[in-house]
Amino acid sequence: QQQVKQSPQSLIVQKGGIPIINCAYENTAFDYFPWYQQFPGKGPALLIAIRPDVSEKKEGRFTISFNKSAKQFSLHIMDSQPGDSATYFCAASRGTSGSRLTFGEGTQLTVNP
Amino acid sequence: SAVISQKPSRDICQRGTSLTIQCQVDSQVTMMFWYRQQPGQSLTLIATANQGSEATYESGFVIDKFPISRPNLTFSTLTVSNMSPEDSSIYLCSARDSSYEQYFGPGTRLTVT
């Protein structure tokens, strides 16, 4: 009930491609869905987040698509660059102050030049 | 957004000793957390650091092994006690602000020999 399943585990694209990372959740009480980007040797950085009252959110080259009925959400990276090579984690929580994040397993993205 | 610093950034410790990790946030936050991350893996929540009261530990983590303090709204410490090589990991401090956005520190890389 608390799981967030993330796929794929790893992803390789060419520069300019649009990698897509998918996450599925089970707990219908979740209403806050952030994505984190982590570079080697660094802590995770909050990239973008969405709440279920919208189906899509864009910030720069990063877009979250949200499908409430399917309990799925995904991250799209437009015009990907080698500097986007990192590990990406999706997460979910209830949007209350006491709720904790449940993380996906992570996706290692490599963008080749 | 909250900026989080951790000290030390890395350490090599001997079996049986203890290490205290400090976490400082640049603004008052509602909640602080401690995570553990093995290389190449997702984040595992150790505990929620509660101001003025005992931390709330996740299953598999106990206070005697991972005592936590949070004396105010911007500072917390995690102690890894009686260390063994299995405690070698990255320990991450995290904080959540009033908007429910959650941020991470750079991590403390611990090696136990």
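The structure we're discussing is the one just above.
Residues numbered from 1 in each chain as written. Chains lettered and ligands numbered in written order. Predicted model: local features only at pLDDT ≥ 70, side-chain atom pairs only at ≥ 80, totals over all residues. Heavy atoms only, no water.

Peer 1: I would appreciate a short explanation of the side chain of Ser84(B) in the present structure.
Peer 2: Residue and element names in this part refer to chain B. The residue Ser-84 is located in the loop between strand E8 (75-80) and strand E9 (89-96) in this model. Look at Ser-84 and you get buried, because its relative accessible area is 19%. Engagement of the side chain of Ser-84 in a polar contact is seen with the side chain of Glu-86, the distance being 2.9 Å. Setting aside residues up to four positions removed in sequence, Ser-84 forms contacts with Arg-15, Lys-65 and Val-112. (Helix = DSSP H or I, 4+ residues; strand = E, 2+ residues; numbered from the N terminus. Buried < 20%, exposed > 50% of the residue type's maximum accessible area, 1.4 Å probe, protein only. Polar contact = N/O pair within 3.5 Å; in protein donor to acceptor, adjacent residues only side chain to side chain. Contact = heavy atoms within 4.5 Å.)

Peer 1: Help me understand the sheet that holds strand E3 (residues 20-25) of chain A in this model?
Peer 2: By definition, the strands of a sheet pair up through backbone hydrogen bonds, in either a parallel or an antiparallel sense. All names here are of chain A. The strand order across the open sheet formed by five strands is E1-E3-E8-E7-E6, and the pairing between neighbours is antiparallel. This sheet does not close on itself; its edge strands, each paired only once, are strand E1 (4-7) and strand E6 (56-59). Strand-to-strand twist across the sheet, computed as the mean angle between neighbouring axes with direction ignored, equals 15°. (Pairing = 2+ DSSP bridges. Axes fitted to C-alpha atoms, helices over the stretch in contact; angles between N-to-C directions.)

Peer 1: Help me understand the interface of chain B and chain A, please; the structure alone is not making it clear to me.
Peer 2: By a frequent convention, interface size equals the accessible area lost on bringing the separate parts together. At the junction of the two partners, chain B supplies 20 residues and chain A supplies 20 residues. Of the roughly 1500 Å² buried at the junction of chain B and chain A (both faces included), carbon and sulfur atoms supply 55%. Measuring nitrogen to oxygen at the nearest pair gives 3.1 Å for the salt bridge that ties Glu58(B) to Arg100(A). The tally of links between chain B and chain A comes to six residue pairs in polar contact (both at pLDDT 80 or more). Counting only elements with at least two residues in the side of chain B that touches chain A, the list comes to strand E4 (31-37), strand E5 (43-49), E9 and strand E10 (102-104) of chain B. In terms of residues, the side of chain B that touches chain A owes the most to one element, E4(B), which gives four residues. (Buried area = accessible area lost by both parts, 1.4 Å probe. Salt bridge = Lys/Arg side-chain N within 4 Å of Asp/Glu carboxyl O.)

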